[in-house]
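Single-letter residue listing:
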Amino acid sequence: MAGIAIIGGGVIGCATAAWLAADGHEVTAYERRPEDRYASAGNAGMLAFPEITPLARPGVLTSVPRWLMDPLGPLALRWRDLPALTPWLLRFLAAARAEQVERSTAALGGLMRSALDDHQELARRAGLSGHLRQTGAIDLYDTEASFRAALPEWELRRRLGGHNFEPLTPDQARALVPDLAGGFARAVLCRAYWMVDSPLGVLQGLRRGLGDRLVAGTVAAVEPGADGVSVRLADGTARTFDKVVVAAGVWSREIVRGLGLKVTLETERGYNTTIPEAPVRLPMPVVFADHGFVASPLSDGLRIGGAVELAAVDAPANLARARALRRKARRYLPAIQETGGTEWMGRRPSTPDSLPVIGPHPHDRRIVFAFGHGHLGLTLSATTARLAAGLLSGTPAPAPFGIERFQ
Ligand SMILES: Cc1cc2nc3c(=O)[nH]c(=O)nc-3n(C[C@H](O)[C@H](O)[C@H](O)COP(=O)(O)OP(=O)(O)OC[C@H]3O[C@@H](n4cnc5c(N)ncnc54)[C@H](O)[C@@H]3O)c2cc1C
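Quick caveat, the model's predicted, so the values are computed rather than measured.

Participant: Looking at this structure, how should I read the site of the ligand?
Facilitator: The environment of the ligand is formed by 32 residues, the closest being Glu-31, Ser-40, Met-46, Gly-374 and Thr-379. Separating an oxygen atom of the ligand from a backbone N or O atom of Gly-45 is a distance of 3.4 Å. At 2.7 Å from an oxygen atom of the ligand is found a main-chain nitrogen or oxygen belonging to Thr-379. Considered on its own, the ligand offers 1000 Å² of accessible surface; in the complex 96% of this is hidden by protein. Breaking the shell around the ligand down by element, the ones donating at least two residues are helix H1 (11-22), strand E2 (27-31), helix H2 (39-42) and strand E19 (342-350). Broken down by element, the shell around the ligand gets its largest block of residues, four residues, from E19. Residues that form the shell around the ligand fall into these classes: 14 nonpolar, 15 polar and three charged.

This is how it looks when you write it as structure tokens:
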């Protein structure tokens, strides 16, 4: 029995490998750089079950010109990468049509419905415990106008995701999060958010469970053949498997292209700073909704960051963005130190319609794709693992997530 290869040892690849291993499959997960801290290791740690609206939507598009004026604002574009990013941006614009937003929201809402149960099942299968907690999250709005502008999105989340939200005054918000200072006009509490204690801890836990089934190696190509699917490594060696799951984050696109398929996948890069000894205690993540970032309390410390930078995958990090977000956070949480902590940049593997790619190769069901989770890879990791395992045993995936939409 040649088993199943998983390409990529981020949270999607490791969750899928752990799920399959618990089903009794012989798995081999390939990870190119086990020591590097990619998106799965440094994210905000939120299980954002209510976040079912795609990034491309009319309200976002109208804010884009204003955001782009501020090079350290919530959305930045590295202009020299514009030609390479244009196909993604054109599809992003097309995805902001009202009927597509409704379709994508319903599709993500469908995925999210089982996401918490899937996390609990993954934890059981991978032997993890005590890392999940329901915290809720609070979104702050600087002005009454920005609060009003956000309400339709909350309504859509309620209608298509079933998650209630509670509008709050600043005093009500401070009663929940006493460290919050002024600077905001309204807030929204949504109790349906959960958190992990540490994204890195979860990744390491999954990897530990895989043991020597997680192999250091760079996959150069996936080559289907009559006797199986060959996984060729950059060092020239190759091994043949019964089936392969491509879960290599944004780098999946090279493997997809090698298989003769197309995908529109770029990185939305995000920045943060983790402060181990922050003198504020947040009982839940605080989202600075007008600025596109969050402060989340993790066992690693207080992590402040987010925002979106559209840039080539290998463009150098601009850590001034992490510092700008921290400065903004100090307006609301003034006790946070001005310096210290660890600055980081991570690459969200993002499709223009905010829907992940979860589905089989259209002409070879031995190959399954599981990538492109954008802002929601941690949240949807366990659900993706369950769906990928189902696909390998012949269960059809929900249609909107197939790679066919890019062909
Ligand atoms: C600032 C920030 C905050 C975020 N906050 C949240 C959050 O709160 N909640 C949430 O749900 N999501 C969040 N995300 C998104 C989430 O982190 C990602 O969606 C998720 O980590 C993607 O996981 P992945 O496994 O697909 O990709 P990655 O983490 O990028 O992993 C892909 C892996 O594949 C390996 N690889 C690539 N090519 C090859 C190859 N050829 N051979 C072998 N290995 C290969 C890479 O080395 C890498 O380890 C955040 C992201 C950022 C940047």
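Picking up where we left off.
Participant: Would you mind going over the packing of H1 against helix H12 (residues 381-392) with me for this structure?
Facilitator: Where H1 meets H12, the axes come as close as 8 Å, and the angle between the chain directions of the two elements is 55°. By the angle between their directions, the pair H1 and H12 is classed as oblique. Crossing handedness for the pair H1 and H12: right-handed. Contact residues: Val-11, Ile-12, Ala-15, Thr-16, Trp-19 and Leu-20 in H1; Ser-381, Ala-382, Thr-384, Ala-385, Arg-386, Ala-388, Ala-389 and Leu-392 in H12. The residue makeup of the contact of H1 with H12, split by class, is ten nonpolar, three polar and one charged.

Participant: How should I be thinking about the pairing of E2 in this particular structure?
Facilitator: Regular strands have side chains that alternate between both faces of the sheet. Among the five residues that make up E2, five are buried, leaving the element largely enclosed by the rest of the structure. Of the two faces of E2, the one carrying Val-27, Ala-29 and Glu-31 and the one carrying Thr-28 and Tyr-30 are both buried. As defined by bridge partners, strand E1 (residues 4-7) adjoins E2 across four bridges and the pair is classed as parallel. Within E2, the residue paired with Ala-5 across the bridge is Thr-28. Here E2 pairs with strand E10 (residues 214-216) via three bridges, running parallel. Note that in E10 the partner of Tyr-30 across the bridge is Val-215.

Participant: Is there a simple way to think about the pattern of salt bridges in this case?
Facilitator: Two side chains of opposite charge can pair, provided their charged atoms sit close to one another. Considering all chains together, one arrives at 23 salt bridges under this definition. In this structure, Arg-125 engages Asp-23 in a salt bridge whose closest nitrogen and oxygen atoms are separated by 3.0 Å. On the criterion of sequence distance, the pair formed by Arg-125 in helix H6 (residues 115-126) and Asp-23 in the loop between H1 and E2 is long-range, its members being 102 residues apart. What makes Arg-125 partly exposed here is its relative accessible area of 23%. We note a salt bridge from Glu-266 to Arg-253, for which the minimum N-O separation is 3.1 Å. In this pair, Glu-266 is assigned in strand E15 (residues 266-275) and Arg-253 in helix H10 (residues 252-258), connecting sequence segments 13 residues apart. Note on accessibility: Glu-266 and Arg-253 belong to one class, buried. A single salt-bridge network, built from bridges that share partners, covers Asp-23, Glu-121, Arg-124 and Arg-125.

Participant: When you look at the sheet that holds strand E9 (residues 194-196) in this model, what are you seeing that I'm missing?
Facilitator: In a beta sheet, neighbouring strands are held together by backbone hydrogen bonds and run either parallel or antiparallel to one another. The strand order across the open sheet formed by three strands is E3-E9-E5, and the pairing between neighbours is antiparallel. The sheet terminates laterally at strand E3 (46-47) and strand E5 (132-134), the two strands that pair on one side only. The pairing of E3 with E9 spans two bridges and is classified as antiparallel. In the sheet register, Met-46 faces E9, and the bridge partner there is Met-195.

Cut-offs applied
- Residues numbered from 1 in each chain as written.
- Predicted model: local features only at pLDDT ≥ 70, side-chain atom pairs only at ≥ 80, totals over all residues.
- Heavy atoms only, no water.
- Near = heavy atom within 4 Å.
- Polar contact = N/O pair within 3.5 Å; in protein donor to acceptor, adjacent residues only side chain to side chain.
- Areas by Shrake-Rupley, 256 points an atom, 1.4 Å probe, with all protein chains shown as cover.
- Helix = DSSP H or I, 4+ residues; strand = E, 2+ residues; numbered from the N terminus.
- Nonpolar A, V, L, I, M, F, W, Y, C, P; charged D, E, K, R; others polar.
- Axes fitted to C-alpha atoms, helices over the stretch in contact; angles between N-to-C directions.
- Parallel < 35°, antiparallel > 145°, perpendicular 65-115°, else oblique.
- Left-handed = near helix turned anticlockwise from the far one by under 90°.
- Contact = heavy atoms within 4.5 Å.
- Buried < 20%, exposed > 50% of the residue type's maximum accessible area, 1.4 Å probe, protein only.
- Pairing = 2+ DSSP bridges.
- Salt bridge = Lys/Arg side-chain N within 4 Å of Asp/Glu carboxyl O.

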